Amino acid sequence: MNNSRKKARKLVKDVWNKIYAERYPDVHLWFTKQSVGFSLFLYRKVILIEDEHVEKILSSVPFEFAEDIVTHSLGHELTHMNDKDFWTTDFPVTKRLKMLAKINEVHADYGGALLGKITYKDFVKIVAYKMNVSKFPSKVYCTHPSWVQRKKYASYGRYDDDLVRIICDDYKYNNPEEFYNLYERIDLE
């Protein structure tokens, strides 16, 4: 194993042990060469971590910011563990499920910041970083908003029903109230 890979794995393990390990003793980290970034896997009990992804983070930003990015990414995946209908939206077939998937992603972005005790200002920087390194920052996926949209949503400053309405408006979904109170409000410091 090369030195940069060792440093990347050490960073992830250190963040995990410092912030999440006690609260999530049944969740395990698996490092992989697959192109997954950070992904929740195997009945919400495993977080897959792409070695090369963390290596790129470490090589492109100061260490403290890399630590914040990893903290947020792990928190994002942990938030998905409790998302409503998360697994049913893996391959959404209706407009409603596609909308739910996108709301889950934005909720997990905010939840990752909350779990990692990341400030609003740093949360916006993290999402901006992810947008800037994305190969396709404007691409909207079936289950994910684009990184450009996610930065807009992060800049809003809180996860609440008003943000849900904004997300639904962006996708021309006419019944945002279906998703009101789906999750608790999240305010970041």
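Here the structure is a predicted model, which is why all the values come from computation and not from measurement.

1. Looking at the pattern of salt bridges
Close approach of charged atoms allows side chains of opposite charge to pair.
Moving on, step 1. The full count for this structure, using the stated rule, is 14 salt bridges.
Moving on, step 2. With a closest N to O distance of 2.7 Å, Lys10 and Asp14 form a salt bridge. On the criterion of helical spacing, the pair formed by Lys10 and Asp14 is a turn pair, its members being four residues apart in helix 1 (residues 3-20).
Moving on, step 3. Judged by relative accessible area, Asp14 falls into the partly exposed class, the value being 39%.
Moving on, step 4. When the shortest N-O distance is used, the salt bridge between Arg158 and Asp160 registers 2.6 Å.
Moving on, step 5. A relative accessible area of 25% means that Arg158 is categorised as partly exposed.

2. Some points on unusual backbone geometry
Moving on, step 1. In this structure, Lys117 is a non-glycine residue whose phi angle is positive, near 55°.
Moving on, step 2. For Lys117, the location among the structural elements is in the loop between helix 4 (95-115) and helix 5 (120-133).
Moving on, step 3. Exposure remark for Lys117: the relative accessible area of 74% places this residue in the exposed category.
Moving on, step 4. With a phi close to 55°, Lys172 is a non-glycine residue in the positive phi region.
Moving on, step 5. With respect to the element layout, Lys172 can be found in the loop between helix 7 (161-170) and strand 5 (186-187).

3. Structural notes on the nonpolar core
Moving on, step 1. Membership of the largest hydrophobic core comes to 56 residues, with the highest contact counts inside it found for Ile47 and Leu74.
Moving on, step 2. For this core, the leading source of residues is helix 4, giving eight residues.
Moving on, step 3. If we skip the residues at most four places from it in the chain, Ile47 touches Trp16, Val27, His28, Leu29, Trp30, Phe38, Ser39, Leu40, Leu74, Glu77 and Leu78.

4. Points about the pairing of strand 3 (residues 46-50)
Moving on, step 1. With five of its five residues buried, strand 3 lies for the most part within the structure.
Moving on, step 2. In strand 3, alternate side chains face the same way, and those of Val46, Leu48 and Glu50 on one face and Ile47 and Ile49 on the other are all buried.
Moving on, step 3. Here five bridges tie strand 1 (residues 28-32) to strand 3, and the two strands are oriented parallel to one another. Following the sheet pairing, Trp30 is matched in strand 3 by Leu48.
Moving on, step 4. Inspection of the sheet shows strand 2 (residues 38-41) paired to strand 3 by four bridges, in the antiparallel sense. When the sheet's bridge partners are listed, Phe38 is paired in strand 3 with Ile49.

5. So, the packing of aromatic side chains
Moving on, step 1. For the coordinates displayed, the defined rule picks out eight aromatic pairs.
Moving on, step 2. Taking 5.9 Å as the distance between ring centres and 85° as the angle between the ring planes, the aromatic pair formed by Phe65 and Tyr129 counts as edge-to-face. Here Phe65 is found in helix 3 (residues 63-80), whereas its partner Tyr129 is found in helix 5, with 64 residues between them in sequence.
Moving on, step 3. Ring pairs connect the aromatic residues Tyr110, Phe123, Tyr159 and Tyr183, which therefore count as one cluster.
Moving on, step 4. Positioned over the ring face of Tyr171 is Lys102, at 5.1 Å from the centre of the ring.
Moving on, step 5. Geometry around Trp147 places Arg150 over its ring, the cationic atom sitting 3.9 Å from the centre.

6. Thoughts on the environment of Lys33
Moving on, step 1. Structurally, Lys33 can be placed in the loop between strand 1 and strand 2.
Moving on, step 2. Overall, Lys33 belongs to the exposed group, its relative accessible area being 72%.
Moving on, step 3. Measuring from C-alpha to C-alpha, the distance between Lys33 and Tyr171 comes to 34 Å, with 138 residues separating the pair along the chain.

7. Quick look at the sheet that holds strand 2
Consider a sheet: its strands pair through backbone hydrogen bonds, and that pairing is either parallel or antiparallel.
Moving on, step 1. Ordered in space as 1-3-2, the three strands form an open sheet in which the pairing is mixed. Every other strand in the sheet has two partners, leaving strand 1 and strand 2 as the edge strands with one partner each. The mean inter-strand angle of the sheet, taken between neighbouring strand axes irrespective of direction, is 30°.
Moving on, step 2. Across the sheet, helix 1 touches strand 1 and strand 3, and the angle it forms with strand 1 is around 170°.
Moving on, step 3. Contacts from helix 3 reach strand 1, strand 2 and strand 3 within the one sheet, and its direction differs from that of strand 2 by about 25°.

Each value, and the rule that gives it
- Residues numbered from 1 in each chain as written.
- Predicted model: local features only at pLDDT ≥ 70, side-chain atom pairs only at ≥ 80, totals over all residues.
- Heavy atoms only, no water.
- Salt bridge = Lys/Arg side-chain N within 4 Å of Asp/Glu carboxyl O.
- Helix = DSSP H or I, 4+ residues; strand = E, 2+ residues; numbered from the N terminus.
- Buried < 20%, exposed > 50% of the residue type's maximum accessible area, 1.4 Å probe, protein only.
- Core = buried A, V, L, I, M, F, W, Y, C linked by side-chain atoms within 4.5 Å.
- Contact = heavy atoms within 4.5 Å.
- Pairing = 2+ DSSP bridges.
- Phe/Tyr/Trp six-rings, centres within 6.5 Å; stacked < 30°, edge-to-face > 60°.
- Lys NZ or Arg CZ within 6 Å of the ring centre and 35° of its normal.
- Axes fitted to C-alpha atoms, helices over the stretch in contact; angles between N-to-C directions.

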